[in-house]
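# Overview (structure and organization)
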Amino acid sequence: MDIHCIDMNRLCKFSLTLLTATVTTCSCSTASDEPKPDGGKIDLAVPCKGVDFADPFVLLDGDTYYAYGTYNDDGITCFSSTDLKNWKKECVALSKDNSYADHWFWAPEVYKVGNRYLMFYSADEHTCIAESNSPIGPFRQRKQEPLITTEKTIDSTLFTDDDGTHYIYFCRFNTVTNGETVWCAKFDTDNLTYDPET
């Protein structure tokens, strides 16, 4: 199989549509003494009506939706919902202590593969993969290093073909065009490695 290359400019419109469709502005308050219009206090136990972050990804597991995105300087935060309207902040699903890098946590995606959850994310402009037994974590990398150590790659996603073969798609920095291109390779979900020959 040849490595596929896709121009990022063609994906922009789709990405903007997805972002608009899945993420709304959070209406929660963080100030416990902020008054409500009727003079009472805001109840901070009330879940957010939406989630405000970039690069959203939503996983349906059972009857619960889990949302992840670019949101937290200390890792990847998880929100949950049963109706896609009201969201509850769960926790930091991936802490920077369990990751290759300590900054720039971007574009997480979580997939259930067998009995494990795999998180594909970018950290310090490198593609990383962490795993957990729960969709809310804690996620940890087996080896705290990026998937590809020889160059910067970001914005990874997992695709499973009809025959069960897994592929990883990711963006490579392209110095020729001064932009990004999307590449694809076979991915081993057991060993969390990719096949550079595909």
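Now for a description of the structure that goes with this document. Residue numbers restart at each chain and count upward from 1, following the sequence in its written direction. Where local features are concerned, this predicted model is filtered to residues with pLDDT of at least 70; where side-chain atom pairs are given and counted, the filter is 80 or more; whole-chain, interface and lining totals use all residues. By convention in this description, side-chain values take in all heavy atoms of the structure and omit both hydrogens and water.

## What to know about the overall build of the protein
On a plain count of helices and strands, the protein comes out with 1 helix and 12 strands. Helix and strand labels come from DSSP, where a helix needs a run of H or I of at least four residues and a strand needs a run of E of at least two; each type is numbered from the N terminus. Written out in order from the N terminus, the α and β elements of the protein read β-α-β-β-β-β-β-β-β-β-β-β-β. Three labels apply to residues, based on accessible area from a 1.4 Å probe with only protein chains included: buried if under 20% of the type maximum, exposed if over 50%, partly exposed otherwise in between. Buried positions account for 40% of the 198 residues belonging to the protein. Counting only contacts in the protein whose residues sit at least 6 apart along the sequence, the fraction spanning at least 24 positions is 41%. When the accessible surface of the protein is summed, it comes to about 11,300 Å², and 50% of that surface belongs to carbon and sulfur atoms. We call two residues contacting when some pair of their heavy atoms lies within 4.5 Å. For the accessible areas, the method is Shrake-Rupley and the probe is 1.4 Å, while residue cover comes only from the protein chains on display.

## Description of the environment of Val-58
By secondary structure assignment, the location of Val-58 is in strand E2 (residues 54-61). Taking the relative accessible area as the measure of exposure, Val-58 reaches 31% and is therefore partly exposed. Setting aside residues no more than four positions away along its own chain, Val-58 makes contact with Tyr-65, Tyr-66, Ala-67, Leu-84 and Trp-87.

## Concerning the pattern of salt bridges
Any Lys or Arg side-chain nitrogen located within 4 Å of an Asp or Glu carboxyl oxygen qualifies as a salt bridge. In this structure the tally under the stated criterion is 8 salt bridges. With a closest N to O distance of 3.8 Å, Glu-90 and Lys-88 form a salt bridge. A residue is classified by how much of its surface remains accessible, and Glu-90, at 27% relative accessible area, is partly exposed. Relative accessible area serves as the criterion here: at 45%, Lys-88 is assigned to the partly exposed category. Across the salt bridge formed by Arg-116 and Glu-131, the nearest N and O atoms sit 2.6 Å from each other.

## A word on the pairing of strand E4 (residues 75-81)
Judged by how many residues are buried, E4 sits mostly within the fold: 7 of 7 residues are covered. Following DSSP output, two strands are said to pair if at least two bridges run between them. Across 4 bridges, strand E3 (residues 64-70) lies against E4 in antiparallel orientation. Bridge pairing in E4 places Tyr-65 opposite Ser-81. In this sheet, strand E5 (residues 88-95) lies alongside E4 in antiparallel orientation, the contact comprising 6 bridges. Within E5, the residue paired with Thr-77 across the bridge is Val-92. What sits between E4 and E5 in their antiparallel hairpin is a turn of 6 residues, with Leu-84 showing a positive phi close to 65°.

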